[in-house]
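Summary of the model geometry
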Amino acid sequence: MGVPKRKTSKRRARMRRAHWKIEAPGLVRCSQCRALIMPHRVCPECGYYKAKEVVKVQ
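Residues numbered from 1 in each chain as written. Predicted model: local features only at pLDDT ≥ 70, side-chain atom pairs only at ≥ 80, totals over all residues. Heavy atoms only, no water.

1. A short note on the overall build of the protein chain
Across its full length, the protein chain carries 1 helix and 4 strands. Listing the helices and strands of the protein chain from first to last along the sequence gives α-β-β-β-β. C-alpha atoms of the protein chain, sized along the principal axes, occupy 60 × 25 × 20 Å. Burial status across the protein chain gives 12% buried among its 58 residues. Taking all contacts inside the protein chain whose residues are at least 6 apart in sequence as the whole, residues at least 24 apart take part in 0%. With the model as given, the accessible surface of the protein chain reaches about 6000 Å², and the carbon-plus-sulfur share is 54%. (Helix = DSSP H or I, 4+ residues; strand = E, 2+ residues; numbered from the N terminus. Buried < 20%, exposed > 50% of the residue type's maximum accessible area, 1.4 Å probe, protein only. Contact = heavy atoms within 4.5 Å. Areas by Shrake-Rupley, 256 points an atom, 1.4 Å probe, with all protein chains shown as cover.)

Take a look at the structure:
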């Protein structure tokens, strides 16, 4: 089993972790009401998914 021969320095560990960034979610426009929604999900504004009404919104 591979075991580190030396301690990983703080600098090396921090350089490796420098790429752990939070990314903004990719949003798309609803085809019915043009609201911004997450892809592959029912629109919470109008209740449509792929041009079909799935949920009745009041």
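Let us keep going from here.
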